[in-house]
Amino acid sequence: MKLIIPKEKTIPLFESKFIKVFDLQYEEGKHYYDATRRDRENLVATKSAEEFRTMLPDAVTCVVVVKGADGTPRLLLSKEYRYPAGQFLLNPPAGLLDPEDIDAGQENLSTADADASREAAVLSAARREIQEETGLIVQDTDILYVFNPLLFSSPGMTDECNAFVCAVLDLDDPARLSQEGAVGSELFDGFELLTKEETRHFLETGRDREGFFYSLSTWVAMMYFVSGLWEAYQKV
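For the structure given in this document, a descriptive report is provided here.

What counts, and where the lines are drawn
- All chains use their own residue numbering, which begins from 1 and follows the written sequence.
- Since the coordinates come from a predicted model, pLDDT governs what is reported: local features require at least 70, and pairs of side-chain atoms require 80 or more to be given and counted, while whole-chain, interface and lining totals use all residues.
- The basis for every side-chain value is the complete set of heavy atoms in the structure, and neither hydrogens nor water enter the calculation.
- The way it works is that DSSP assigns letters per residue, a run of H or I at least four long becomes a helix, a run of E at least two long becomes a strand, and they are numbered from the N terminus.
- Between the two quantities, the radius of gyration covers C-alpha atoms and the globule rule is 2.2 Å times the number of residues to the power 0.38.
- With a 1.4 Å probe rolled over the protein chains alone, any residue whose accessible area is under 20% of its type maximum counts as buried; one over 50% counts as exposed, and the rest are partly exposed.
- Two residues qualify as a contact provided that any one of their heavy atoms is within 4.5 Å of a heavy atom in the partner residue.
- Note on areas: these come from Shrake-Rupley sampling with a 1.4 Å probe, and a residue is covered only by the protein chains present in the view.
- The charge count treats Lys and Arg as positive and Asp and Glu as negative. His and the chain ends do not count.
- Just so you know, the charge point we use is NZ for Lys, CZ for Arg, CG for Asp and CD for Glu.
- In this analysis, a patch consists of residues with relative accessible area above 30% that form no salt bridge, clustered at 9 Å for like charges and at 5 Å for the nonpolar side chains Val, Leu, Ile, Met, Phe, Trp and Tyr.
- Salt bridge criterion: a side-chain nitrogen from Lys or Arg within 4 Å of a carboxyl oxygen from Asp or Glu.
- Stacked, edge-to-face and tilted are the three classes for Phe, Tyr and Trp ring pairs, Trp counted by its six-membered ring, which pair at centre distances within 6.5 Å; planes under 30 degrees apart are stacked, over 60 edge-to-face, the rest tilted.
- In protein, a polar contact requires one atom able to donate a hydrogen and another able to accept it; more generally it is a pair of N or O atoms within 3.5 Å, and residues adjacent in sequence count only if both atoms are side-chain atoms.
- Between any two strands, pairing holds if DSSP finds at least two bridges.

1. A closer look at the overall build of the protein chain
When helices and strands are tallied, the protein chain shows six helices and 10 strands. Over its C-alpha atoms the protein chain spans a radius of gyration of 19 Å, differing by no more than 12% from the 18 Å that the globule rule assigns to 236 residues. Overall size of the protein chain, expressed as C-alpha extent along the three principal axes, is 65 × 45 × 35 Å. Evaluated residue by residue, the protein chain yields a buried proportion of 40% over its 236 residues. For the protein chain, the share of sequence-separated contacts (at least 6 apart) that also reach a separation of at least 24 residues comes to 59%. As displayed, the protein chain has an accessible area near 13000 Å², and 53% of this comes from carbon and sulfur atoms. Of note, the protein chain has its 24 positive side-chain charges centred 4 Å away from the centre of its 41 negative side-chain charges.

2. Things to note about a nonpolar patch on the surface
A surface patch of nonpolar side chains, amounting to about 520 Å² of accessible area, comprises Leu-13, Phe-14, Phe-18, Ile-19 and Tyr-33. Following the sequence through the fold, Leu-13 ends up in strand β1 (residues 10-15). Judged by its relative accessible area of 49%, Leu-13 is partly exposed.

3. Section: the packing of aromatic side chains
Within the structure shown, the criterion is met by seven aromatic pairs. Centre to centre, the rings of Phe-147 and Phe-164 are 6.0 Å apart; their planes meet at 55 degrees, and the pair counts as tilted. Of this pair, Phe-147 sits in strand β8 (residues 143-152) while Phe-164 sits in strand β9 (residues 161-170), and the two are 17 residues apart along the sequence. Among the residues examined, Phe-147 registers a relative accessible area of 23% and is labelled partly exposed. Accessibility expressed as a relative area gives 6% for Phe-164, which makes it buried. The rings of Tyr-81, Tyr-83 and Phe-88 are connected pair by pair, giving a single aromatic cluster.

4. Topic: the environment of Asp-39
Inspection of the secondary structure assignment puts Asp-39 in the loop between β3 (30-36) and α1 (49-54). Placed 18 residues apart in sequence, Asp-39 and Val-21 show a C-alpha to C-alpha distance of 9.9 Å. The residues touching Asp-39, leaving out its near neighbours within four places in the chain, are Lys-20 and Phe-22. Among the polar contacts made by the side chain of Asp-39, one reaches the side chain of Lys-20 at a distance of 3.4 Å.

5. A look at the pairing of strand β4 (residues 59-67)
The buried fraction of β4 amounts to eight of the nine residues, a majority that puts the element mostly inside the structure. As paired elements, β4 and strand β7 (residues 94-96) share three bridges and run antiparallel to each other. In the sheet register, Ala-59 faces β7, and the bridge partner there is Leu-96. With nine bridges joining them, β4 and β9 adopt parallel strand pairing. Counted as the bridge partner of Lys-67 is Asp-170 from β9. Across four bridges, the pairing between β4 and strand β5 (residues 73-82) is antiparallel.

Quick look at the structure:
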């Protein structure tokens, strides 16, 4: 059963360039609040079941596995300042889908397949975010694929959602890594290159080297890395 919330019952309470808050009046006199990046016409709460199944995520999160000269795989994470937390926290490369990513998803297809269009848009965003936040350029010979098309961040308070992508890249020299491509409010303070053993330790303790907590998306990246699921992927 789907609870239908008509668009006229989505009342804007606050609107800015990057965040909005809507009152979802799901019954007479009953209210639920949604913090969102979306415009009123694109709120997830008002979508039909078919629109829900075919919608685009807001952003992409990238699990980046790098292999050095010795062939040892390592999980690449950034130390990024997260304003609500007030600390530099471990994070995988991530960012919003831009209009040009969505255009790329539509233009690069010969059919109107929604899943294929979504994947093309997500991979376009992933390539850009990896380059901006790590300095690494994903080559056509590298492995890059979507392993989850859309996950909600915290659907009890927001409709924000991310696709999750895995990239497996060669990194012969860690000096190639760079965070000079940071844009807007992004602040970075270096990288972590974690072996599987180090990643397991971070998972077991729930903390990084500084004893700080980390985000759910970082936990997903760590779990995907140590699980070995990325190793089972075969590039077509």
